[in-house]
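The residues making up each chain are set out below.
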Amino acid sequence: MKKRNLLLSVVMSALLVTTAAGCGSSGSKTGGAESGGGTDAASTDKKNYTVAISQIVEHPSLDATREGFIAALKDAGIAEGDNLKVDFNNAQGDPANNLSIAQKIASGKNDLVLGISTGSAQALVQQVKDTPVLFAAVTDPLDAKIVSNLDQPGGNVTGGSDTNPVAVQRLMDFIAESFPNVKNVGIVINEGEPNAIVMAKNAEETLKKHNIKLVRAAVTNTSEVKQAAESLVGRVDALFITLDNTVVDGVDSIIQLANEKHIPFFSSDRDTVEKGAFATVGFKYYDHGYQVGQMAVDILKNGKKPGDMKVSMQEKLDLILNLKAAEAQGITVTDAMKDQVTDKENDIIQ
C-alpha cells in the first residue's frame, strides 16, 4: 500500500512537473510572442521618415546635391529601403510646376521637405507652414525672400546657399589677370532666375574694376541657349555662365560652341567644368548636398528647429581647371594659372 501510494505520489509529481513545464513552455511562447511584440514594438519605435523633395530640373549639379543630401541621411541611419521614404518631384525645368508640386507636398504628411533651386524653395516656403523646410542650391536666400536673416532664419525654414560672393569675384579676377586680351565677357542668362541675376551683377561689378564689359544674351528656356550663345560670337572674347538652371541644363551647346570657335568658357560650378568648361572657382555639389543633409539629420534626429539653424555657406573654394577643355578652346595653361589651384590633385582635371 505504501509502495502504491509512493508510486502514485511519484506519478502525480511527474504530472505536476510536466504541467508546469507545459505552462512554462506556453508562457515562453507567450513571452516569445510578447518578446516578438516587443521586437515589433522596437522596430515600430525605430522612427520611419518621409522626406519630400522638389527639384526644378535634373542636371548634374542639382542631382549631385540631392545625392549628397540622401547620403548624409543614410550615414546617420536614415536610409531608403529601410526607414526612409523619399518623395522626389521634378518640375521638368518649368517654374510653373513648382507651385503645383509645393501644394501637393503641403497636403501630404512629411517629416521634412527639401527644395533644390531657388524657385523650388520659394514655392515650398509659400505653401509648407507646419513642416521643416530646407533649401539647397539657392544662391541668395535673402534676395529670394526665402529667409529674412541668415543667422536666425526663424520659422520653419533654413538650408544651404550654394555660393559665396567671393567665388564669382575670384573667377572674374582670374579672367582679367590670366587673359589680358579679354575686353568683353559674354553671358547667357535667364533674367527670370533670381540667383542668375545676383551672380551676374556681382560678376559685372568685378569685371568693371578691370575695365571689362559683361555682354548679356537673354533666354527664357533651355531651347534658346544655343542661339543665345551663338549671338555672342564675334562680340565677346570669353563666355561665362552663372548657377542658372535654365542655362546649365543646355550647357552642352555652349561647350560645343566654345570648342568650335576657340572661345574660353568659364562656369560657376565644378560639374560644368568636368563636362567641358575651362574653369571655375567652386566646390563639389555633392558636398553641398551632404552639408544640407547633415542639417536635416539635426532636425529629424536631434530635434533642432530650422529657424534656429544658421544658413550654411560654401567656404571651401578653389580654382578648378579642365586641361582638356583648355586645349579644345585654344587656351595655353600657364604655370601661373596652375599655381592658383590649391588642391592640384583633384582640381586640375586632366
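All values derive from a computational prediction rather than experimental measurement. (Residues numbered from 1 in each chain as written. Predicted model: local features only at pLDDT ≥ 70, side-chain atom pairs only at ≥ 80, totals over all residues. Heavy atoms only, no water.)

**Student:** Describe in detail empty space enclosed by the protein, supporting the description with residues and values.
**Tutor:** Over the atoms a probe the size of a water molecule is rolled, and this reveals where empty space is left. Per the counting criterion, the structure on display carries 3 cavities of 30 Å³ or more. Approximately 90 Å³ is the volume attributed to the largest cavity. Residue lining of the largest cavity: 16 residues in total, with Thr163, Ala167, Met199, Ser268 and Val281 positioned closest to the centre. Contributions of two or more residues to the lining of the largest cavity are made by α5 (165-178) and β10 (279-282). Along the lines of polarity and charge, the residues of the lining of the largest cavity split into 9 nonpolar, 6 polar and 1 charged. Estimates place the volume of the second largest cavity at around 70 Å³. Lining the second largest cavity, in full, are His59, Ser61, Leu62, Ala137, Asp162, Asn195, Leu243, Asp244, Asn245, Val248, Asp269 and Tyr285. Sorting the residues of the lining of the second largest cavity by element identifies α2 (60-75) and α8 (245-248) as the ones contributing at least two each. Class assignment for the residues of the lining of the second largest cavity results in 5 nonpolar, 4 polar and 3 charged. (1 Å grid on protein atoms, 1.4 Å probe; cavity = no way out; pocket = protein on both sides within 12 Å on 5 of 7 lines; lining within 4 Å. Points joined across faces, edges and corners; volume = space filled by probe spheres on them. Helix = DSSP H or I, 4+ residues; strand = E, 2+ residues; numbered from the N terminus. Nonpolar A, V, L, I, M, F, W, Y, C, P; charged D, E, K, R; others polar.)

**Student:** Now, about the pattern of salt bridges: what can you tell me, with residues and values included?
**Tutor:** On inspection of all chains with the given rule, the structure shows 12 salt bridges. For Glu204, the salt bridge identified is with Arg216, shortest N-O distance 3.3 Å. In this pair, Glu204 is assigned in helix α6 (residues 194-208) and Arg216 in strand β7 (residues 213-218), connecting sequence segments 12 residues apart. Residue Glu204 is classed as partly exposed on the basis of its relative accessible area, which comes to 34%. Residue classification places Arg216 among the partly exposed positions, given a relative accessible area of 32%. If you follow the salt bridges from partner to partner, you end up with Glu58, Asp63 and Arg66 in one network. (Salt bridge = Lys/Arg side-chain N within 4 Å of Asp/Glu carboxyl O. Buried < 20%, exposed > 50% of the residue type's maximum accessible area, 1.4 Å probe, protein only.)

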